[in-house]
Amino acid sequence: MNIIKRTFALLTIFTLHSISFALPTSQAVKGNTEFKLNGQNIQFIFNENSDDAPAQLIMKNKLKKQQFSIAELPYQSTRHIYFADYNFDGLTDFSISAPDMGMGVYQVFDIFLYQPKTQNFEVIDQEKFDFSHSQCTAFTDIRLFPTKRQMSSSCRGGARWWTDTYQFNKGQWRWIKSKDESE
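Since the model is a prediction, treat every value here as computed from it, not as a measurement.

Caption draft 1: Representation of the overall build of the chain within the structure. Across its full length, the chain carries one helix and 13 strands. Along its sequence from the N terminus, the chain presents helices and strands in the succession α-β-β-β-β-β-β-β-β-β-β-β-β-β. Looking at the chain as a whole, 38% of its 183 residues are labelled buried. Of all intrachain contacts in the chain linking residues separated by at least 6 positions in sequence, the fraction that spans at least 24 positions is 40%. Accessible surface, the chain: about 11,400 Å² in total, of which carbon and sulfur atoms supply 52%.

Right under this line is the structure:
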């Protein structure tokens with residue numbers, strides 16, 4: 001009987017631990033594609049960087065078209081698209097990642113938040129985001145922690161790996177701490 005109770009307890013702990021954070025559902029993107037998000041069929045068109053224009057994402061549905069600049073894609077690399085609730089409002093947001101332009105050690109993310117009033121997506125403008133306290137200067141290798149309304153971003157700076165933690169509060173992501181993962 002004790003073995004059954006212990007097994008049940010361990011399974012419960014493992015299950016709760018595994019759902020304490022959720023990685024976004026990922027799909028490799030090769031060329032243009034279409035997804036259904038928040039009741040809309042949306043066409044995703046990727047215009048990769050050229051000599052005269054930065055990389056862009058064009059999103060089209062029956063009624064409108066949105067256009068965004070996105071992280072540059074290194075030579076012969078693949079983008080990934082992730083679907084998750086990045087602002088914890090119960091609606092599906094998404095992000096797009098590309099390998100970093102250095103060694104390709106981590107993924108750089110552009111995060112798009114769904115705006116239910118306008119039925120548009122709004123990208124988090126990382127050029128205007130306050131990274132002054134964090135160790136990473138972009139959203140990289142992100143993980144969501146929905147129960148805490150937090151997100152982590154991990155990167156390598158010099159010979160160290162860092163993890164920055166952000167809290168979603170009052171409609172914005174705010175830095176709360178950085179941790180040296182090399183220790």
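Following the structure, the description resumes.
Caption draft 2: Representation of the pattern of salt bridges within the structure. Scanning the model with the defined rule gives one salt bridge in all. Salt-bridge contacts for Asp180 lead to Arg160; the nearest nitrogen and oxygen are separated by 3.4 Å. Placement of Asp180 in strand E13 (residues 172-180) and of Arg160 in strand E12 (residues 160-169) is noted, with a sequence separation of 20 residues between them. A relative accessible area of 10% means that Asp180 is categorised as buried.

Caption draft 3: How the structure looks around the pairing of strand E6 (residues 79-84). Counting buried residues in E6 gives five out of six residues, a clear majority hidden from the surface. Relative to E6, strand E1 (residues 25-29) runs antiparallel, the two sharing five bridges. Its bridge partner lying in E6, Val29 is registered against Arg79. Bridge count between E6 and strand E7 (residues 93-99): five bridges; the pairing is antiparallel. If you follow His80 over to E7, its bridge partner there is Ser97.

Caption draft 4: Summary view of the sheet that holds strand E3 (residues 40-47). With antiparallel pairing, four strands are arranged side by side in an open sheet as E2-E3-E4-E5. Single-partner strands in this sheet number two, and they are strand E2 (33-37) and strand E5 (65-69). Taken pair by pair, the neighbouring strands of this sheet meet at an average axis angle of 25°, ignoring direction.

Caption draft 5: Main features of the state of the cysteines. Per the counting criterion, the structure on display carries one disulfide. Disulfide pairing places Cys136 opposite Cys155 at an S-S distance of 2.2 Å. Every disulfide takes its handedness from the sign of the S-S torsion; for Cys136 and Cys155 that torsion is -100°, giving left-handed. Of this pair, Cys136 sits in the loop between strand E9 (120-123) and strand E10 (143-145) while Cys155 is found in strand E11 (residues 150-157), placing the two residues 19 residues apart along the sequence. Like Cys136, the residue Cys155 is buried in the burial classification.

Criteria and cut-off values
- Residues numbered from 1 in each chain as written.
- Predicted model: local features only at pLDDT ≥ 70, side-chain atom pairs only at ≥ 80, totals over all residues.
- Heavy atoms only, no water.
- Helix = DSSP H or I, 4+ residues; strand = E, 2+ residues; numbered from the N terminus.
- Buried < 20%, exposed > 50% of the residue type's maximum accessible area, 1.4 Å probe, protein only.
- Contact = heavy atoms within 4.5 Å.
- Areas by Shrake-Rupley, 256 points an atom, 1.4 Å probe, with all protein chains shown as cover.
- Salt bridge = Lys/Arg side-chain N within 4 Å of Asp/Glu carboxyl O.
- Pairing = 2+ DSSP bridges.
- Axes fitted to C-alpha atoms, helices over the stretch in contact; angles between N-to-C directions.
- Disulfide = S-S within 2.5 Å.

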